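# Structure at a glance
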Amino acid sequence: MTTPQIRSFRPEDRLAITEFQNCDRPLHLHETVAEWERIDARRPTEEVFRRLCIGDPAIAFLGVRDLNTTAYRNPGTCSLVLSVALEYRRQGLGSALYEEAVAFAKARGAARLRSHFRLLHSIEPAVQFLGSRGFVETDRELSVLLDLTTFDSAPHVRSLPSGL
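These remarks concern the structure in this document. (Residues numbered from 1 in each chain as written. Predicted model: local features only at pLDDT ≥ 70, side-chain atom pairs only at ≥ 80, totals over all residues. Heavy atoms only, no water.)

## Some thoughts on the packing of helix H1 (residues 14-22) against helix H2 (residues 33-41)
Put simply, the rule reads: An axis is simply a line fitted to the C-alpha atoms; with a helix, the fit covers only the stretch in contact. Between two such axes, the angle follows the N-to-C directions and lies from 0 to 180 degrees. Helix and strand assignments follow DSSP, with helices taken as H or I runs no shorter than four residues and strands as E runs no shorter than two, numbered in order from the N terminus. In this scheme the handedness of a crossing depends on how the near helix is turned from the far one: anticlockwise by less than a right angle means left-handed, clockwise means right-handed. We call two residues in contact when some of their heavy atoms are within 4.5 Å. Asp, Glu, Lys and Arg are counted as charged, while Ala, Val, Leu, Ile, Met, Phe, Trp, Tyr, Cys and Pro are counted as nonpolar; the rest, among them Gly, fall into the polar class.
At a minimum axis distance of 9 Å, the contact between H1 and H2 shows a crossing angle of 115 degrees. Judged by the twist between their axes, the crossing of H1 over H2 is right-handed. Touching Arg14, Leu15, Ile17 and Thr18 of H1 are Val33, Trp36, Glu37 and Asp40, all from H2. Split into classes, the residues belonging to the contact of H1 with H2 amount to four nonpolar, one polar and three charged.

## Focus: the sheet that holds strand S4 (residues 77-84)
Each strand in a sheet pairs with another by means of backbone hydrogen bonds, the pair being arranged parallel or else antiparallel. Put simply, the rule reads: If DSSP finds at least two bridges between two strands, the strands pair.
Here five strands make up an open sheet; going across it, the order is S1-S2-S3-S4-S5 and the pairing mixed. In this open sheet, the two strands that pair with only one neighbour each are strand S1 (6-8) and strand S5 (112-115). Averaged over all pairs of adjacent strands, the angle between strand axes in this sheet comes to 25 degrees, irrespective of strand direction. Looking at chain direction, S1 and strand S2 (residues 49-54) are connected through three bridges and run antiparallel. Within S2, the position partnered with Ser8 by the bridge is Leu52. Packing of helix H3 (residues 93-107) onto the sheet brings it into contact with S1, S2, strand S3 (60-66), S4 and S5, and relative to S3 it is tilted by some 15 degrees.

## Focus: H3
Heads up, the rule is: By this rule, a helix spans an expected 1.5 Å times one less than how many residues it contains. Relative accessibility thresholds used throughout: buried, under 20% of the residue-type maximum; exposed, over 50%; partly exposed, between the two (1.4 Å probe, protein chains only).
Taking 1.5 Å of rise per residue, 15 residues should cover 21 Å, and H3 covers 22 Å from first to last C-alpha, within 8% of that figure. Every buried residue of H3 is listed here: Leu93, Gly94, Ala96, Leu97, Tyr98, Ala101, Val102, Phe104 and Ala105. Buried residues along H3 sit in contact with S1, S2, S3, S4, S5 and helix H4 (124-131). Looking at the residues trailing H3, positive phi occurs at Gly109, about 75 degrees.

## A few points about the pairing of S3
Most of S3 is tucked away: six of the seven residues are buried. Strand direction decides the pairing type here: S2 and S3, joined by six bridges, are antiparallel. Looking at S3, one finds that Phe49 is bridged to Arg65. What sits between the antiparallel neighbours S2 and S3 is a turn of five residues, in which Gly55 has the positive phi angle 95 degrees. Sheet topology places S3 next to S4; seven bridges connect them, and they run antiparallel. Bridge pairing in S4 places Ala60 opposite Val84.

## With respect to the nonpolar core
How we decide: Note on terminology: a nonpolar core comprises buried Ala, Val, Leu, Ile, Met, Phe, Trp, Tyr and Cys residues joined through side-chain atoms within 4.5 Å.
Counting 20 residues, the largest nonpolar core has Leu62, Val64, Leu80, Tyr98 and Leu113 as the members making the most contacts within it. Residue assignment for this core shows that the elements contributing at least two residues are S2, S3, S4, H3 and H4. With seven residues, H3 is the largest single contributor of residues to this core.

## Remarks on the packing of aromatic side chains
Formally: Paired rings are identified among Phe, Tyr and Trp, the last through its six-membered ring, by centres lying within 6.5 Å, and are further divided according to the angle between planes into stacked (under 30 degrees), edge-to-face (over 60) and tilted (the rest). Throughout this description, the term charge over a ring refers to an Arg CZ or Lys NZ atom that lies within 6 Å of the ring centre and within 35 degrees of the ring normal.
Inspection of every chain in the model, using the stated rule, returns five aromatic pairs. Grouped by ring-pair contacts, the aromatic residues Phe9, Trp36 and Phe61 constitute a single cluster. Arg43 extends its terminal NZ or CZ atom over the ring of Phe49, reaching a point 4.5 Å from the ring centre. Of note, Arg133 hangs over the ring of Tyr98, and the distance from its end group to the ring centre comes to 5.4 Å.

Following this line, the structure appears as structure tokens:
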């Protein structure tokens, strides 16, 4: 197998990355290029992060950041986002980008590397990928969604006691 050519992220990569990441998500969790741009516009100038891609257009993406330089200030911890387009998985691209994340974290003096993602049925390969590298689940969030176009609030409305 040839070594993947890793390159720096370019703003125009956002479209391809958003498209392949959205393939693994239900419609209500899809992200847009505009949302990504808004997040970047609010990013603290002192935040230290690195973004890398493979392919042109991008078929694999790594975002890694030092959480001690973010608004959350988590010393000794770096976080990573790693994704590979479905048709390019299991070819070593994720592993190559992962090694870059580890090198970044070590260079920043981090003791921990964290990944946070929604656990969807399509994400099971990601769980296996991280588990084989020693990651363990530390917490879990439950995301709930209410469809207001079909919700009937009448059964839940109560009159207030008199005087209130």
